[in-house]
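# Commentary on secondary and tertiary structure
The lines below spell out each chain.
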Amino acid sequence: MKGKIKVLLLDDHKVVIDGLLSLLRDDPQIEIEEVFTNGEEALQFFKNGTGKEPLVDVVVADLRMRRGISGLEFVVQLRSVSPRTRVIILSMSEDPKDIHAAVRLGVSGYLFKSQDVDLVRKAIYEVIRDDRPYMSQEVLRTFVDSQEEKQPEQIRQLTAREIEVLRLIAQEFTTAEIADKLNISEATVDTHRRNMIQKLKAKSIVGLANFAIRNGLV
């Protein structure tokens, strides 16, 4: 991506906003465009914008705010105003239902506020670079564990990293591409693939991909 990543912060907790500003404002690749504590005001900012280019590349938004619309309602309304802007939900909620709701709406990321705040910076870079949803291992594990899979005992055998590799395999990424995206070696990707084939009793990569699709991992 050319130029800085333009970010908008949406949260009604001052301590959260202050923490994010402290983390992101000195990053040479990130530019904080605006900060809002109310979803309607943030939407109006987008509505006031002109031109084809999005005013903001990424919004980091709270899930629930004390005034106005929720983070998920904001996501829905933002689509009609700035469809190319990505939204990362940063929430106190670790309820699987909230994660599922966010995923169904097509958010670009979901993080827990209880996690290391530096994950927000990582998520911003990941959703811009890869243009795919980003979840921390904790969120991903909560998401997967809560699903009512046809074969839940097999899912539980997989590590968080194996699930990440499995999702990428199902999206038809090559071994080299998976290694690059997850910052691991190609040999490590091969090891994860062999382990998953054994755990899931699959016969091939196609079998792994079918398992991931069948169980809602992609």
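That block above? That's the structure.
As a convention, each chain's residues are numbered from 1 in the sequence order in which they are written. Per-residue local features of the predicted model are confined to residues with pLDDT of at least 70, and side-chain atom pairs are confined, for both listing and counting, to 80 or more; whole-chain, interface and lining totals are unaffected and use all residues. Side-chain metrics in this entry use all non-hydrogen atoms of the structure; hydrogen atoms and water are not considered.

### Concerning the pairing of strand β3 (residues 58–61)
- Where burial is concerned, the two faces of β3 agree: the one with V58 and V60 and the one with V59 and A61 are both buried.
- Each pair of strands is called paired provided DSSP finds at least two bridges between the two strands. Going along the chain from the N terminus, every DSSP run of H or I of four or more residues is numbered as a helix, and every run of E of two or more is numbered as a strand. Relative to β3, strand β1 (residues 5–10) runs parallel, the two sharing 4 bridges. Looking at β3, one finds that L8 is bridged to V59.
- Here β3 pairs with strand β4 (residues 86–91) via 4 bridges, running parallel. Bridging across to β4, V60 finds its partner in I88.
- Of the crossover connections in this fold, the one passing from β3 over helix α3 (residues 71–81) to the parallel β4 is right-handed. For every residue, the accessible area (1.4 Å probe, protein chains only) is compared with the maximum for its type, and the residue is labelled buried under 20%, exposed over 50%, or partly exposed between those bounds. Consider the strands pointing away from the viewer: the crossover is right-handed when the path from the first strand over the helix to the second runs clockwise.

### Overview of the pairing of strand β2 (residues 30–36)
- Alignment of β1 against β2, held across 6 bridges, turns out to be parallel. By the bridge assignment for β2, I5 is matched with I30.
- Assessed by its sense of winding, the connection that carries the chain from β1 through helix α1 (residues 14–24) to β2 is right-handed.

### Overview of the side chain of E162
- With respect to the helices and strands, E162 occurs in helix α8 (residues 160–170).
- Here a polar contact means two N or O atoms within 3.5 Å. Within protein one must be a hydrogen donor candidate and the other an acceptor candidate, and residues neighboring in sequence count only if both atoms are side-chain atoms. A distance of 2.9 Å separates a polar atom in the side chain of E162 from the backbone nitrogen of T159.
- Only 2.8 Å separates the side chain of E162 from the side chain of K199, close enough to count as a polar contact.
- The contact criterion used throughout is that any non-hydrogen atoms of two residues lie within 4.5 Å. Those residues in contact with E162, other than ones at most four positions away along the chain, are Q157, H192, N195, M196 and K199.

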